[in-house]
Amino acid sequence: MTSSSSSGARVGREISRRSLFRLGGVVGAGLALGPALSACAGPTGTPGPGTMTMALNRSLVSLDNKLNQFDAAVTVQRAVRQGLTRIGADLTPELVLAERFELTGDTEWTVQLRDGVVYSDGTPVTPQDVATALEMYQGVNGSFLASFFREWPTVEVLDERTFTMNTELPEPNLDFLMANILITPAAANLPEELQSGVGSGPYVVTASNRGTGDYTLRRNEAYWGPRAAIETVQVRFVPEESSRVVSMRSGEVDVIDTISPDSADQLAGVRDVTIERTDGLRISQLFYNFRKPADHPLANVRVRQALSMGIDGRALVDDVLVGSVTAATGVVPEGLSGGTGGHEYAFDPRGARQLLESEGVTDLELTMIWETGEFANDTSVMEAVVQMMGDIGVRTRLVQFQPGGDISLWRQGRGGDWDVLGNGFASPTGLALTMLQGMYGGTAEREATRDTYHGYVFPEIQQVITAAGTEVDPSRRQTLLAEAQDAVWETWPCMWAFVPNAVLARRDRVSDLLLKPSNSFELSSTKLAARA
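Note that the structure is a prediction, hence the values are computed from the model and not measured.

Each value, and the rule that gives it
Residues numbered from 1 in each chain as written. Predicted model: local features only at pLDDT ≥ 70, side-chain atom pairs only at ≥ 80, totals over all residues. Heavy atoms only, no water. Buried < 20%, exposed > 50% of the residue type's maximum accessible area, 1.4 Å probe, protein only. Helix = DSSP H or I, 4+ residues; strand = E, 2+ residues; numbered from the N terminus. Pairing = 2+ DSSP bridges. pLDDT = per-residue confidence, 0-100. Contact = heavy atoms within 4.5 Å. Phe/Tyr/Trp six-rings, centres within 6.5 Å; stacked < 30°, edge-to-face > 60°. Axes fitted to C-alpha atoms, helices over the stretch in contact; angles between N-to-C directions. Core = buried A, V, L, I, M, F, W, Y, C linked by side-chain atoms within 4.5 Å. Parallel < 35°, antiparallel > 145°, perpendicular 65-115°, else oblique. Left-handed = near helix turned anticlockwise from the far one by under 90°. Nonpolar A, V, L, I, M, F, W, Y, C, P; charged D, E, K, R; others polar.

> Before we move on, can you summarise the pairing of strand S17 (residues 395-401) with the specific residues and values?
Where burial is concerned, most of S17 is hidden: five out of the seven residues are buried. Relative to S17, strand S16 (residues 365-371) runs parallel, the two sharing seven bridges. By the bridge assignment for S17, tryptophan 370 is matched with glutamine 400.

Written as structure tokens, this is what we have:
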């Protein structure tokens, strides 16, 4: 990649953070907002001595993850429903419902459930529940998780606790993948997100309102594992970050997630409040729409590259995101197992103009969309990009839509046409392979059902990713992963991308909260001191 030109760097420095926020007022005139913001579910009262209150920036629309897997929602979902395994803080699989999960053949894993593992109603977890869960996850349309599975394993029951999971081709990472399949009694499972029902986790749901995003969890006194330390957990959806910060300052909530650098700075000096940070596994990007017709400018890789050259990533990182993120150095976070860096988004606005001109693109207009709260300072980022695109002669229209379940429609192209989507993609396994499979492993068959990532279908790349996913030799697998990442980069799938830190704020009466790189934590091991 070329290095930034001196003139380009000068332009970047001229975009001060203050000017970016001033710009927001100008751009706002052309901002096509979606439905009016949901009424803020403002916290009322203070949590009781045995109650911890969490205020989330995304609505918890479901108690399982068949369609979406928002980071903070995982914390709650896994407190109610569990998988055979989970990904620990060191990004390796830990056994949960399974006491044995072992590769016993090239295409066979043998699993044994823990003795005595039961749901909250006292019924046992069975191998058939696992088989049904796999059927239900693959039965939904537009599933985030389904894209991680190159093929779905089949279950052969050996006895009441033991079964094998079998695949046509080797699946050396199945213990990672199964961490994301939450198990429900077979008779109560459906090919849709579940709003209620029993689970095997340390908490049960005693009240829920999907519309407001409010849930009440109570400790499962019959839990098969160690008893949860906190008796009651209140979950609230508070979309306005300012409201969440005010609630935190006043002591009305105990934990708020995914906060911006400004809010973290505000709360850092507040008595009895601690900021938790860790490197993240999520990649946030301005992803191109790969469903454009062949004669559309965005179907031209050189046009996509030119637009990327118009983005001053350093200004976005330093001035808008205030150092809370790292500019991506590849198509997946470098910190993932198997992730490689070495690439760079180079800011060169003059070169961008010249490249667009050479491709015959002189009057390009883009529609850029994003979901509120997708990443910290999301609106400011998008408004800054509008200015940068204007500097290379590209007109841009922003469309913001509200959180709450429509993201799958937009990803599938069923919510309307767009050119660039401000979006994020998590790696709930900690593996680069999973993210590559989910974002860049699309096939024509998957695109027929709109289950690819924004229409990204490059058969030659998909074949390399598949080869890496079925390679049992770690060294050869890494070589293939590196080859796949280089090939994806050359297609310029993103205008720009960054890796955000995971950041939350907690009151000091909340202890033993271990924030994972997946931006989640274990509710069962989190503790709560009595309110002073």
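> Give a description of the confidence of the model for the chain that names residues and reports values.
Considering every residue of the chain, the mean pLDDT works out to 87; 90% of them sit at 70 or more. A low-confidence stretch, residues 1-44 (pLDDT under 50), is modelled with 70 contacts involving residues beyond four sequence positions or located in other chains.

> Tell me what's going on with the packing of aromatic side chains, and back it up with residues and numbers.
Using the criterion set out here, one finds 18 aromatic pairs in the structure. Geometrically, the ring pair formed by tyrosine 345 and tryptophan 492 is edge-to-face, given 6.2 Å between the ring centres and 65° between the ring planes. Taken together, the positions of tyrosine 345 in the loop between strand S15 (325-327) and helix H10 (349-358) and tryptophan 492 in the loop between helix H16 (474-489) and strand S19 (494-500) put the pair 147 residues apart, joining distant regions of the chain. For the pair tyrosine 345 and tryptophan 492, one class covers both residues: buried. Ring pairing ties together the aromatic residues Phe148, Phe287, Phe290, Phe425, Tyr440, Tyr453, Tyr456 and Phe458, which thus form one cluster.

> Let's hear about the sheet that holds strand S6 (residues 108-113): which residues, and what values?
Read across the sheet, four strands follow the order S5-S6-S8-S7 without closing on themselves; strand pairing throughout is antiparallel. Both outer strands of the open sheet, strand S5 (98-105) and strand S7 (154-157), are each paired with one neighbouring strand and no more. Averaged over all adjacent pairs, the angle separating strand axes in this sheet is 25°, with direction ignored. Sheet topology places S5 next to S6; six bridges connect them, and they run antiparallel. Counted as the bridge partner of glycine 105 is glutamate 108 from S6. The sheet contacts of helix H4 (residues 127-139) involve S6, S7 and strand S8 (162-166), and relative to S7 the element is tilted by about 165°.

> If you had to explain the environment of glutamine 195 to someone new, which residues and values would you point to?
Relative to the assigned elements, glutamine 195 resides in the loop between helix H5 (174-177) and strand S9 (203-209). Taking relative accessible area as the criterion, glutamine 195 reaches 26% and is therefore assigned partly exposed. Excluding residues that lie within four positions of it along the chain, glutamine 195 makes contacts with Val61, Ser62, Leu63, Ser208, Arg210 and Tyr215.

> Now, about the nonpolar core: what can you tell me, with residues and values included?
Leu84, Met165, Met178, Leu307, Leu366, Tyr440 and Met495 are the most contacted members of the largest nonpolar core, which has 97 residues in total. Of all the elements, helix H11 (residues 378-391) adds the most residues to this core, at seven residues. Excluding residues within four positions of it along the chain, methionine 495 makes contact with Leu286, Tyr288, Leu307, Ser308, Ile311, Tyr345, Leu366, Met368, Val385, Met389 and Val420. Core analysis: the second largest hydrophobic core is formed by 34 residues, Phe70, Leu217, Ala228 and Leu504 among them.

> I'd like a rundown of the packing of helix H8 (residues 301-309) against H10, residues and numbers included.
Contact pair H8 / H10: the axes reach a minimum separation of 8 Å and the direction vectors enclose 160°. Between H8 and H10, the angle falls in the class roughly antiparallel. For the element pair H8 and H10, the recorded crossing hand is left-handed. Across from Arg302, Val303, Gln305, Ala306, Leu307 and Met309 in H8, the residues of H10 making contact are Pro349, Gly351, Ala352, Leu355, Leu356 and Ser358. Classifying every residue of the contact of H8 with H10 by side-chain character gives eight nonpolar, three polar and one charged.

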